[in-house]
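Architecture at a glance
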Amino acid sequence: MSKLNLLQKLMLTGVASAITATSGSLLVTPSALAATVFRDSGNIGDTVDAFRAALGDPNNGNAPGSFSVGRREINWDAGIVPFDMPPDFFNKTVTRGAEFSTDAGNEFGVSNPSVGDPDFPDNKFDSLNPTYSGEFMTFSDPRLFTPLGTNVMETNFFVPGSDMPAAVSGFGAVFTDVDLPDITKIEYFDIQGNLLASEFVDPDPQGLSFLGVSFDAPILFNVKITLGNTPIGSNDDPGNNVDVVVLDDFIYGEPNKVPEPATTLGLLALGVFGADLLRKRQPNR
Ligand SMILES: [Ca+2]
Ligand SMILES: [Ca+2]
Ligand SMILES: [Ca+2]
């Protein structure tokens, strides 16, 4: 319910570097980095709106490319999103600059598909387990999102509609049916893999929870989300330490292009390799 008393100020220092946007380029500068945590459960609408305001307006929707202001959101609710959702659907098909992965084959599900989808009917994943429609709640009706075969997933950001890696100034997600404390969490990483923040999601059994972290600059490269302690499919049974959790809305800052270290290394390697090839192709004299 409350807003400010759920808002924590967190100062991160040390390993993190701040990236300052200057005239379209990204400048890496070593400095302290401020992060703000937005956490709520139950009636989460006010905290979600405060997080949106921290990231900034407007919602840039499906516009391809990167903009200097605003944010992106995914509510999963459009009928075109298939029940078996490809991991790059929200970058390549619907261009919002987010791609998802898991260590269980990169499979994802979106509930309540439109009539005509081969997986219809489904209500809040009750086609995967008939008890789920009594456990899960929506923030945005009617559709929910989950990784399949695992309870851990990652999100990487791209200049929307492209393969150019990007960073954002914050990420938040709506969770439903968080039963157990100190398990469901989001971990936030910079481009070098440094952990910027790790925050647990407050429980709200059969209800809604929200967690978002915003940063002073677009330094967030990857987020890792842990949903309860059990992949979707099992009966939710927190009394026996089985907690199944799924997701609703994702809200994140506008993706900003970042230099990709792997590309630089790749070009260096290619240069060395190319020089070696050239040497080998020199005719003997
Ligand atoms: Ca939704
Ligand atoms: Ca439950
Ligand atoms: Ca649960």
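A brief structural summary. (Residues numbered from 1 in each chain as written. Chains lettered and ligands numbered in written order. Predicted model: local features only at pLDDT ≥ 70, side-chain atom pairs only at ≥ 80, totals over all residues. Heavy atoms only, no water.)

Points about the overall build of the chain
Helix and strand counts for the chain come out as three helices and 18 strands. With 285 residues in all, the chain has 48% of them scored as buried. Counting contacts in the chain only where the partners sit at least 6 residues apart, residues at least 24 apart contribute 71% of the total. (Helix = DSSP H or I, 4+ residues; strand = E, 2+ residues; numbered from the N terminus. Buried < 20%, exposed > 50% of the residue type's maximum accessible area, 1.4 Å probe, protein only. Contact = heavy atoms within 4.5 Å.)

So, the coordination of the calcium ion (ligand 1)
Here the calcium ion (ligand 1) is held by the protein donor atoms Asn75 (O), Asp77 (OD), Asp77 (OD), Ser140 (O), Ser140 (OG), Arg143 (O) and Asp248 (OD), which lie 2.4 to 3.0 Å from it. Donor residues for the calcium ion (ligand 1) sit on one chain with the sequence pattern N-x1-D-x62-S-x2-R-x104-D. Pair noted here: asparagine 75 is in the loop between strand 5 (71–74) and strand 6 (84–85) and arginine 143 is in the loop between strand 8 (108–110) and strand 9 (145–147), with a separation of 68 residues, a long-range link. According to the relative accessible area criterion, asparagine 75 is partly exposed, its value standing at 32%. (Donors = N, O, S within 2.8 Å, 3.2 Å for Na, K, Ca; no water.)

A look at unusual backbone geometry
Note that the residue after aspartate 57, namely proline 58, is joined by a cis bond; omega there is 0 degrees. Examined against the element boundaries, proline 58 turns out to sit in the loop between helix 1 (45–55) and strand 5. Note the cis peptide between phenylalanine 120 and proline 121, where omega equals 0 degrees. Its location among the elements puts proline 121 in the loop between strand 8 and strand 9. Even without being a glycine, tryptophan 76 presents a positive backbone phi close to 70 degrees. Among the structural elements, tryptophan 76 can be located in the loop between strand 5 and strand 6. Judged by its relative accessible area of 1%, tryptophan 76 is buried.

Considerations on the coordination of the calcium ion (ligand 3)
Coordination of the calcium ion (ligand 3) by the protein is provided by Asp177 (O), Asp177 (OD), Asp179 (OD), Asp236 (OD), Asp236 (OD), Asp243 (OD) and Val244 (O), with metal-donor distances spanning 2.2 to 3.1 Å. Sequence spacing among the residues donating to the calcium ion (ligand 3) works out to D-x1-D-x56-D-x6-D-V. Between the calcium ion (ligand 3) and the calcium ion (ligand 2), the interatomic distance is 3.8 Å, and aspartate 177 donates to each metal, bridging them.

Here's the deal with the nonpolar core
Core analysis: the biggest nonpolar cluster contains 42 residues, and Phe171, Phe175, Tyr188 and Phe250 have the highest contact counts within it. Grouped together as the second largest cluster of nonpolar side chains are ten residues, Val48, Val174, Leu208 and Ile251 included. (Core = buried A, V, L, I, M, F, W, Y, C linked by side-chain atoms within 4.5 Å.)

A closer look at the environment of alanine 53
Relative to the helices and strands, alanine 53 resides in helix 1. For alanine 53, a relative accessible area of 57% gives the class exposed. As for alanine 53 and arginine 71, which are separated by 18 residues in sequence, their C-alpha atoms are 9.5 Å apart.

Comments concerning the pairing of strand 17 (residues 246–253)
Across the eight residues that make up strand 17, a large majority, eight, are buried. With four bridges connecting them, strand 5 and strand 17 associate as antiparallel partners. Bridge pairing in strand 17 places arginine 71 opposite glycine 253. With five bridges joining them, strand 12 (residues 170–176) and strand 17 adopt antiparallel strand pairing. (Pairing = 2+ DSSP bridges.)

Overview of the packing of aromatic side chains
Counted under the stated rule, the structure contains 19 aromatic pairs. With a centroid separation of 6.4 Å and an interplanar angle of 25 degrees, the aromatic rings of phenylalanine 171 and tyrosine 252 are classed as stacked. Taken together, the residues phenylalanine 171 in strand 12 and tyrosine 252 in strand 17 connect sequence positions 81 residues apart. Pair check on accessibility: phenylalanine 171 and tyrosine 252 agree, each one buried. Clustering of aromatic rings is evident, with ring pairs tying together Trp76, Phe89, Phe90, Phe100, Phe108, Phe145, Phe157, Phe171, Phe250 and Tyr252. (Phe/Tyr/Trp six-rings, centres within 6.5 Å; stacked < 30°, edge-to-face > 60°.)

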